[in-house]
Amino acid sequence: MLVAFPSRANHESVKTKGALAVLDFYVGKKKGDATVDLKKPILVYSRPKGVYKGDQGNRVLVDFQLINDTLADGKDHVMIDVTGQGIDKDLTADVKSFGAPYYLENLQNGSYTVKLDLLGADGKPLPGAWSSTSRTFTVDHDAQPDAPMAAPPPATSAAPASSAAPAGSAKPKK
């Protein structure tokens, strides 16, 4: 199964209708039944992941996508549970409406685990291979953040230099 969705610059997934694509596929001959029923509710973990360096650890996004489900008070919901360095009591969120981002703020250096559970109205986990997911990430305020990816150099033109626009005169396209 392949799941694809666009994300904003801060890695928050776009949650508008039609912004999520799911494709079930096989490489080679199909053997056995599919492990994920694409007609049932599916929880797709997105963030956090990896290492958050420098100031990135001051505000860490918790993000997920849903397939075939709607969250509502008294109906299905997602429980977020975070454990790790400096968290002495339960750090949880009971998500009853889909869309608003959640952030972990001012985390200490160390390792953290985020667990997401897709629960029914009765508070019990919904059946499914992806209904419960745990991921570990690290915060290292002492490390230098990775340099952003550089934009590729502008395409060169075969036109003579005298016909090229002066540097800095280009206007952004609308």
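My aim in this report is to walk through the structure given alongside it, one point at a time. (Residues numbered from 1 in each chain as written. Predicted model: local features only at pLDDT ≥ 70, side-chain atom pairs only at ≥ 80, totals over all residues. Heavy atoms only, no water.)

## Some remarks on the overall build of the protein
Tallying secondary structure elements over the protein gives zero helices and ten strands in all. The N-to-C order of helical and strand elements in the protein reads β-β-β-β-β-β-β-β-β-β. Residue burial in the protein is summarised as follows: out of 174 residues, 28% are buried. Intrachain contacts of the protein at a sequence separation of at least 6 include 63% that bridge at least 24 residues. Carbon and sulfur atoms make up 54% of the accessible area of the protein, which totals about 11,900 Å². (Helix = DSSP H or I, 4+ residues; strand = E, 2+ residues; numbered from the N terminus. Buried < 20%, exposed > 50% of the residue type's maximum accessible area, 1.4 Å probe, protein only. Contact = heavy atoms within 4.5 Å. Areas by Shrake-Rupley, 256 points an atom, 1.4 Å probe, with all protein chains shown as cover.)

## Let's talk about the sheet that holds strand E3 (residues 42-47)
Spatial ordering of the open sheet is given by E3-E5-E8, a layout of three strands whose pairing is antiparallel. Each edge of the open sheet is held by one strand with a lone partner, namely E3 and strand E8 (102-105). Across the sheet, the mean angle separating the axes of adjacent strands is 25 degrees when strand polarity is ignored. (Pairing = 2+ DSSP bridges. Axes fitted to C-alpha atoms, helices over the stretch in contact; angles between N-to-C directions.)

## Describing the side chain of Ser-131
As for its position among the elements, Ser-131 is in the loop between strand E9 (110-119) and strand E10 (132-140). A distance of 3.0 Å separates the side chain of Ser-131 from the backbone oxygen of Leu-126, its partner in a polar contact. Within the structure, the side chain of Ser-131 is placed 3.5 Å from the backbone oxygen of Pro-127, a separation counted as a polar contact. With residues up to four places along the chain from it excluded, the contact list for Ser-131 reads Pro-41, Leu-43, Leu-116, Asp-117, Leu-118 and Leu-126. (Polar contact = N/O pair within 3.5 Å; in protein donor to acceptor, adjacent residues only side chain to side chain.)

## Regarding a nonpolar patch on the surface
There is a patch of nonpolar side chains on the surface, built from Leu-2, Leu-23, Phe-25 and Val-27 and spanning about 410 Å² of accessible area. For Val-27, a relative accessible area of 76% corresponds to the exposed category. (Patch = residues over 30% accessible without salt bridge, like charges linked within 9 Å, V, L, I, M, F, W, Y side chains within 5 Å. Salt bridge = Lys/Arg side-chain N within 4 Å of Asp/Glu carboxyl O.)

## Digging into the sheet that holds strand E4 (residues 50-53)
What the five strands build is an open sheet, ordered E4-E10-E9-E6-E7; its pairing is mixed. Looking along the sheet, the strands with just one partner apiece sit at the ends: E4 and strand E7 (91-95). Neighbouring strand axes in the sheet, compared pairwise and without regard to direction, differ in orientation by 20 degrees on average. Looking at chain direction, E9 and E10 are connected through eight bridges and run antiparallel. Looking at the pairing, Tyr-112 lines up with Phe-137 of E10.

## Some thoughts on the layout of surface pockets
In this structure, the largest pocket spans a volume of roughly 400 Å³. Considering the residues around the largest pocket, the lining is formed by 14 residues, among which Asn-10, His-11, Arg-47, Tyr-52 and Gln-56 are closest to the centre. Elements represented by at least two residues in the lining of the largest pocket include exactly E4 and strand E5 (59-67). Per-class residue counts for the lining of the largest pocket are six nonpolar, four polar and four charged. In this structure, the second largest pocket is lined by 15 residues; those nearest its centre are Lys-15, Thr-16, Gln-65, Leu-66 and Phe-98. Considering only residue class, the lining of the second largest pocket consists of seven nonpolar, five polar and three charged. (1 Å grid on protein atoms, 1.4 Å probe; cavity = no way out; pocket = protein on both sides within 12 Å on 5 of 7 lines; lining within 4 Å. Points joined across faces, edges and corners; volume = space filled by probe spheres on them. Nonpolar A, V, L, I, M, F, W, Y, C, P; charged D, E, K, R; others polar.)

The values reported here are purely geometric and, on their own, carry no functional implication.
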